[in-house]
Amino acid sequence: MKELQIQLNVSVLTLDELSAADRELVERAKGMTRTSYSPYSHFSVGAALRLADNRIFCGSNQENAAFPIGMCAERTAFFYAQATAPDTAPVAIAIAAFTGGSFLKQPISPCGACRQALLEAETRYKQPIRVILYGEETIYVVDSMRSLLPLTFDGSEME
Ligand code: THU
């Protein structure tokens, strides 16, 4: 038997170590938690997505009494961006979560469905999306969605 080792490089930073552009994205994601509709989970998530032309599109999680039809913050921002600027690649996304009266101390990580959705944009535009996962104490930065979703299904198998 052989074993395949898959490596994930995560930069561990504080807010003041981020570039001004990434810090702005984090602040926008934090602000967006205030627009979350999350009466069921009481877990408010905000996302801010930067496009290649520097426009920023934001989203928050939107829940529903029929639980599965709710939408995560990341995909809300991503679909909004794509529906408005279908020819412009996303280049970075910041995510923040607020619950119980404060932001999470440790970084919030996107769910599998959001990773898959954003991976499609990386494939489509041939451009990695930097992922900035905000926590009050620690921030993680990963160079691409693909890194967060190893052994991906990106549709190339169907060609
Ligand atoms: N949620 C997001 O919006 N993004 C994430 O990265 C994780 C989870 C939302 C979905 C649901 O409204 C709530 O957080 C609890 O899972």
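Thoughts on the site of the ligand
Here is step 1: Near the ligand, the surroundings consist of Ser41, Phe43, Val45, Asn61, Glu63, Cys72, Ala73, Glu74, Ser109, Pro110 and Cys111.
Here is step 2: Between the ligand and Ala73, the relevant distance is 2.9 Å, taken from an oxygen atom to a main-chain nitrogen or oxygen of the residue.
Here is step 3: Measuring from an oxygen atom of the ligand, one finds a side-chain N or O atom of Glu74 at 2.5 Å.
Here is step 4: Coverage of the ligand by the protein chains reaches 76% of its 370 Å² of free accessible surface.
Here is step 5: With respect to the pocket detection grid, the ligand is positioned in the largest pocket.
Here is step 6: Of the residues contributing to the shell around the ligand, the split by class is 6 nonpolar, 3 polar and 2 charged.

Considerations on the packing of aromatic side chains
Given two aromatic rings, one states the distance between the centres and the angle between the planes to describe the pair.
Here is step 1: Summed over the entire model, instances satisfying the criterion amount to 5 aromatic pairs.
Here is step 2: Relative to Phe79, the ring of Phe78 has its centre 5.5 Å away and its plane inclined at 40 degrees; by these criteria the two rings are tilted.
Here is step 3: In this structure Phe79 comes out as partly exposed when scored by relative accessible area, which is 43%.
Here is step 4: Among the aromatic side chains, those forming a connected cluster through ring pairs are Phe98, Phe103 and Tyr134.

What counts and how
Residues numbered from 1 in each chain as written. Predicted model: local features only at pLDDT ≥ 70, side-chain atom pairs only at ≥ 80, totals over all residues. Heavy atoms only, no water. Near = heavy atom within 4 Å. Polar contact = N/O pair within 3.5 Å; in protein donor to acceptor, adjacent residues only side chain to side chain. Areas by Shrake-Rupley, 256 points an atom, 1.4 Å probe, with all protein chains shown as cover. 1 Å grid on protein atoms, 1.4 Å probe; cavity = no way out; pocket = protein on both sides within 12 Å on 5 of 7 lines; lining within 4 Å. Sits in = over half its atoms within 2 Å of the grid points. Nonpolar A, V, L, I, M, F, W, Y, C, P; charged D, E, K, R; others polar. Phe/Tyr/Trp six-rings, centres within 6.5 Å; stacked < 30°, edge-to-face > 60°. Buried < 20%, exposed > 50% of the residue type's maximum accessible area, 1.4 Å probe, protein only.

Any functional reading would require information beyond the geometric quantities listed.
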